[in-house]
Amino acid sequence: MPKRILALMFGALVSIGAPCAGAPSAGLVPQPQAVRPGEGSFVLDQRTRIVAPADRRAREIAGFLRDALQAQTGLALRVVRTGAKAPAIELRMDPSVRGEEAYRLTVAPGRATIAAADDRGLFWGVQTFIQLVPARNGTSESIGAVRTEDAPAYPWRGVMLDVARHYQPVAFVERQIDLMSRYKLNVLHWHLTDDQGWRIQIRKYPKLTEVGAWRTETDGERTGGFYTQQQIREVVEYARRRNVMVVPEIEMPGHASAAVAAYPWLSCPQRPVVVPSGWGVFDDVFCAGDERAFAFLHDVLDEVAALFPAPYIHIGGDEVPKRQWLDSEATRRLMHERHLADGEALQGWFIGRIQRDMAARGKTLVGWDEILEGGVDRQAIVEMWRGPEQARKALANGNRLIVAGPFYLDTPIDRLTLQDLYRTDAFADPAFAARPQQMLGAEAPLWSERVTTRNAEAMLYPRVLAFAERLWNPQARDYADFQRRLHAQYPWLEAQHVAYGPEDRDLVDYQLSFNPPHRRWRLRAARGFDDIELHYTLDGSEPTARSPAFGDVLDRYAPGTIRVAPFRQGVPYQASEAFEIVDNLALGKPVAYRAVPDPRYTGTPGQLVDGILGGSDFHDGRWVGWKGADMDATVDLQQATPMHSIQVRFLQQSGSWILLPRQVGLAVSNDGKAWRALRSTTIDVDPRNLRPTVYTVRLDVAAPVTARYVRVSAQNYGTLPPGHGGATQPAYVFADEILVR
Ligand code: ACM
């Protein structure tokens, strides 16, 4: 569908990027394509009627308007078929309004008219009118006269919710649909299956949700959940009423661990696996060389196609390890028979087969940009996430394109601020401009590895509003004006209890540091809003609003676990964070490195002996990393010290090129010159293991050793091997702590 050129359509009407403050449109998001203030105002009171044509969808839209106005003002208006004389809000089908989803809204004394050529435009006109109505209880509201002509620049304006990594209740999903709809976003891409959870009931395969919807976290807690088919139908219907199309994503051939946990015969090795609790890319994928896997996917797609009326089904297709396929004799035979040279070609064949299965039911396949790798049919829609070169490749191949890469909302707010997002011109690429008919639009994905119901809205809002405006009206470019209009939205969002986040920083940014002379750990918390209250516990339990509180700084003089959670007005606002502090003999002692750590991963000097343990996120500021070099660190305990245990913690996060060391040596010395080797251990490093793993090398001795210096040397893995995403590049070695006891 072509990008619509609105400036041409509206003739004499002037497009006003930044209406003056106080103009009726001052608070609208997204900014309409053209707005012109009029004379006088329209009075909304209990005499006002809503006039709507007889057709079913128009009556439904009129009902939506009535309910929204009642919720917002307390006024209960009647919906009627005609009302030429009475003061009215009139909904009208009008073929003179040109463009898909376009509408014309005219607010004048005595009458507000919303005209559109299609029911989608009529609904968006209603949403604009609702935004013009003040949110307060009263017997009458006055709305300044205005004339608006409006239509979206792109037809596909989506938000992707990942409910697989963390399940979200139906009420949460419906509320996001409400908010998307208010800001004229029209596609909910519902990421329903992944390694860590299968969230959609499939009647023919009950174990998908009996087994695949639940996992055991590292602390032993069982978590999960799924949607029954009845709930799915409800959500789809809820979205339809609000002009939102729900596009389901059923991941294949990769990200399939939850399905394989339910039915091990779906993978080539058919090995039993549990639903994983860690994040990353997993080897357990649907077997390309086994007809049973295709029969299963055919059956699943039967039920999915019946539940979702959208003409699209997203099949994922990203991050598929080929290892199990290439290790499988049956799959290799298939490759030979079909002249498929490698794993990529096999994946292309897999996707093509699924695409034909879907086409037979009238559904179009959507996939992440990896579907290009095996050569995909041009009818498929490609969702770009890895970068513009993938988008160019898709366009050159003739595919339609959805841009997602620049809009990942799981990116911390300080790294993708509201302003960054508003200024992102994802469509400026000349290759895009050359093929406007292939540019469907964009999606803002919210991956949920680190997102739960508690912090999801702070990640989504207000950034979703900036995203919505980019897609609806790319001509609106004035950030200050956007911010003014956004701030006019905040009272409404607050009235709905939307837990939106700060615009340019994380909700809370924690920094934990150790001060050796004072033997003091200081947790600093930079709060994104002044009224955030931080409550904490020291026993590992979840803080409540009655737990002790601190402001910007919490000082601790003893080891233990600090768990902190932010609250606003007594309500928990985000997941808690835990900080683990351990005491030991190396604490705060001088450390000398042979090779200098990578400047991005050095943190503070003394980081290896600050008693602060790193998490599985290598960005957490607690890890020290060496790129292409060995780690060689010596701790000076400053006096001869008896010790019975030395531990060193390393990280593997292969997807980020961080591998465990091949060999670790521990040595001690009394003078820093003559070394006595205590232990050397080799590690069988597997670069294909993509799970973030913290690995502790530990030496316990029965009789204490006495020494002043402790030296740890860890051999870097070296060059990343063939098949790895960073092949031929040097690996990193990461360590966070040396513990001497
Ligand atoms: C993706 O982020 N793996 C599509």
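Procedures and definitions
Residues numbered from 1 in each chain as written. Predicted model: local features only at pLDDT ≥ 70, side-chain atom pairs only at ≥ 80, totals over all residues. Heavy atoms only, no water. Pairing = 2+ DSSP bridges. Helix = DSSP H or I, 4+ residues; strand = E, 2+ residues; numbered from the N terminus. Axes fitted to C-alpha atoms, helices over the stretch in contact; angles between N-to-C directions. Buried < 20%, exposed > 50% of the residue type's maximum accessible area, 1.4 Å probe, protein only.

Student: Before we go on, may I ask you to explain the sheet that holds strand β1 (residues 34-45) in this structure?
Tutor: Through backbone hydrogen bonds, the strands of a sheet pair up, either in parallel or in antiparallel fashion. The seven strands are arranged β1-β7-β5-β6-β4-β2-β3 in an open sheet whose pairing can be described as mixed. Bordering the open sheet on either side are β1 and β3 (78-80), each of which pairs with just one other strand. Each neighbouring strand pair of the sheet contributes to a mean axis angle of 20°, computed without reference to strand direction. Both strand β2 (residues 49-51) and β3 contribute to a ladder of three bridges, which runs parallel.

Student: Got a minute to help me understand unusual backbone geometry in this structure?
Tutor: It is generally the case that most residues other than glycine have a negative phi and that most peptide bonds are trans. Between V29 and the following residue, P30, the backbone shows a cis peptide bond with an omega angle of -5°. Relative to the assigned elements, P30 resides in the loop between α1 (6-9) and β1. In this model, Y461 is joined to P462 through a cis peptide bond whose omega is 10°. You can see P462 is positioned in the loop between α15 (453-460) and α16 (463-472). If you check the backbone angles, Q270 has positive phi at about 55° while not being a glycine. Turning to its location among the elements, Q270 is positioned in the loop between α7 (257-262) and α8 (291-307). By relative accessible area, Q270 is classed as partly exposed at 36%.

Student: What is the right way to read the sheet that holds strand β21 (residues 520-527) from this model?
Tutor: Across the sheet, which stays open at both edges, the three strands sit in the order β20-β21-β24 with antiparallel pairing between neighbours. Across the chains shown, the open sheet's two edge strands, defined by having one partner strand only, are β20 (508-515) and β24 (553-556). Ignoring strand direction, the axes of neighbouring strands in this sheet form an average angle of 15°. In terms of strand pairing, β20 meets β21 through eight bridges, oriented antiparallel. Residue F514 lies in a different strand from β21, and its bridge partner there is W521.

Student: Where do I start with the pairing of strand β32 (residues 676-682) in this structure?
Tutor: It is a general feature of regular strands that their side chains alternate between the two faces of the sheet. Bridging between strand β31 (residues 663-669) and β32 involves six bridges; their strand directions are antiparallel. Bridging across to β32, V668 finds its partner in R676. The turn linking β31 back onto β32 is made up of six residues, and G672 within it adopts a positive phi angle of 80°.

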